Each structure stands twice: as structure tokens, then as C-alpha cells.
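# Summary of the model geometry
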Amino acid sequence: AIALECFLIGGVVVMGARKRAFTPEFLNQFEDEHKKAFGGAVAKGGYPDNGNGYYGAKLPYEQWVGIANAQRVHYNCLETLTPALLFLLLGGLGYPTQAAIMGTLMVVGRLLYTIGYVSKGAGGRLIGVIIYEVGFIYSFVLSILTVANVF
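For the structure given in this document, a descriptive report is provided here. (Residues numbered from 1 in each chain as written. Predicted model: local features only at pLDDT ≥ 70, side-chain atom pairs only at ≥ 80, totals over all residues. Heavy atoms only, no water.)

## Brief notes about the layout of surface pockets
- Here the largest pocket defines a volume of roughly 210 Å³.
- In terms of lining residues, the largest pocket is bounded by 13 residues, among which Phe22, Pro24, Leu27, Lys44 and Gly45 are the most central.
- Put simply, the parts of the chain that give the lining of the largest pocket at least two residues each are helix 1 (2-21) and helix 2 (24-27).
- Here the lining of the largest pocket gets three residues from one element, more than from any other, and that element is helix 1.
- The residue inventory of the lining of the largest pocket, partitioned by class, reads six nonpolar, three polar and four charged.
- The computed volume of the second largest pocket comes to approximately 170 Å³.
- Of the residues in the lining of the second largest pocket, the class split is seven nonpolar, one polar and two charged. (1 Å grid on protein atoms, 1.4 Å probe; cavity = no way out; pocket = protein on both sides within 12 Å on 5 of 7 lines; lining within 4 Å. Points joined across faces, edges and corners; volume = space filled by probe spheres on them. Helix = DSSP H or I, 4+ residues; strand = E, 2+ residues; numbered from the N terminus. Nonpolar A, V, L, I, M, F, W, Y, C, P; charged D, E, K, R; others polar.)

Here's what the structure looks like:
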């Protein structure tokens, strides 16, 4: 569920912000320059610009912040995905019920983090961070306890 949530944040949240900002009307201003340099049309969705590139520099501030917030949510998810899955896997070997509960807390926390960050900026993520971190830290402890019990 955690990996799927990360995938969906990229596909729904980030793509939604990109579509709102990099509209065909907005990208039209780059058509002549792009054709001259590459012989074709600007890529739909403004690729390869991630919001901080050549196209993003011409966005209105509010749209740029929208893309930046969506990207930050996704990056944060990717940054914590591997250790979260490792802790849940190891902790689940020794404490399956508790690990399942902690995984659920992480999914709910990440959802609230995403909603808060995208709608209110960095200050809106606090509740989600707290819930996520409880699950993350507790699953880390479970993984340590599981490994300690093996030796």
C-alpha cells in the first residue's frame, strides 16, 4: 500500500499540478523557439521541465509553488520509501500485527501530509508528519527487536 501510495502521488498529485500549469496555451509561447532548436513541437505537459526549468521560470508564482509543493511531496515519499518498506518487512517477521498497524499509520499519515502540503504549503503537513513518523519510528524499533531476537 505504501509503494502504491507513492506511485499515485506521482501520477495524480504531481501530474495534476503539471497539467494545471503547463497548459497548451502556456506552452504555446515556446513553440517557435522549440521548433527552431529541435524541429518539432513542445512536448505535451512541458516535459522535460520539472517546474524549475526554462518553462517553469515563466510560470506565475502561484502555479510554480503548486508544482514545487507537489514535487516535494512526491520526493519526500520516495526518500522514505525504501527504509519504510525495509522496517515493515523486518518488523513484520517478528511482530506482524504491530507492523501492519504501523504500516497503516504510515499510509494515513502520508495521505494527510500530502493533502496538507499541497493545499496549505509546508505548514500544512504537520499532522501528517506526526502520524507518519510514529509509524516509521515504531516500525524501525520493531525491526531492531526482530533482528535482536534472531541473535
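Moving on from the coordinates now.
## Looking at the packing of helix 1 against helix 5 (residues 96-120)
- Across the interface, helix 1 lies against helix 5 with an axial gap of 10 Å and an inter-helix angle of 15°. Judged on the interaxial angle alone, helix 5 and helix 1 are roughly parallel. Crossing geometry of helix 1 relative to helix 5 is assigned as right-handed. Within the contact between the two elements, helix 1 uses Ile2, Glu5, Ile9 and Val13 and helix 5 uses Gly103, Met106, Val107, Arg110, Leu111, Thr114 and Val118.
- Considering only residue class, the contact of helix 1 with helix 5 consists of seven nonpolar, two polar and two charged. (Axes fitted to C-alpha atoms, helices over the stretch in contact; angles between N-to-C directions. Parallel < 35°, antiparallel > 145°, perpendicular 65-115°, else oblique. Left-handed = near helix turned anticlockwise from the far one by under 90°. Contact = heavy atoms within 4.5 Å.)

## Considerations on the state of the cysteines
- Per the stated rule, a full pass over the model turns up one disulfide.
- Paired by a disulfide, Cys6 and Cys77 hold their sulfur atoms 1.9 Å apart. A residue pair is termed long-range when its members are at least 10 positions apart, and Cys6 in helix 1 and Cys77 in helix 4 (residues 61-94) qualify at 71 residues. (Disulfide = S-S within 2.5 Å.)

## Some details on helix 6 (residues 126-150)
- For helix 6, spanning 25 residues, the distance from its first C-alpha to its last is 36 Å, which sits close to the expected 36 Å at 1.5 Å a residue.
- Residues of helix 6 that are buried include every one of Gly128, Tyr132, Gly135, Phe136, Ser139, Leu142, Ser143 and Thr146, and no others.
- Turning to helix 6, the residues buried within the fold contact helix 4 and helix 5. (Expected span 1.5 Å × (residues − 1). Buried < 20%, exposed > 50% of the residue type's maximum accessible area, 1.4 Å probe, protein only.)

## Quick look at the nonpolar core
- Membership of the largest hydrophobic core comes to 30 residues, with the highest contact counts inside it found for Phe22, Phe26, Leu27, Tyr55 and Met106.
- Secondary structure elements with two or more residues in this core: helix 1, helix 2, helix 4, helix 5 and helix 6.
- Discounting chain neighbours no more than four positions away, the residues touching Phe26 are Ala21, Tyr55, Lys58 and Leu59. (Core = buried A, V, L, I, M, F, W, Y, C linked by side-chain atoms within 4.5 Å.)

## Considering unusual backbone geometry
- The omega torsion of the bond from Tyr47 to Pro48 falls at 10°, within 30 degrees of zero and hence cis.
- If you trace the backbone, Pro48 turns up in the loop between helix 3 (31-38) and helix 4.

## Looking at the side chain of Ser139
- One can find Ser139 in helix 6.
- A distance of 2.8 Å separates the side chain of Ser139 from the backbone oxygen of Phe136, its partner in a polar contact.
- Residues in contact with Ser139, not counting those within four places in the same chain, are Phe87, Leu88, Met102 and Met106. (Polar contact = N/O pair within 3.5 Å; in protein donor to acceptor, adjacent residues only side chain to side chain.)

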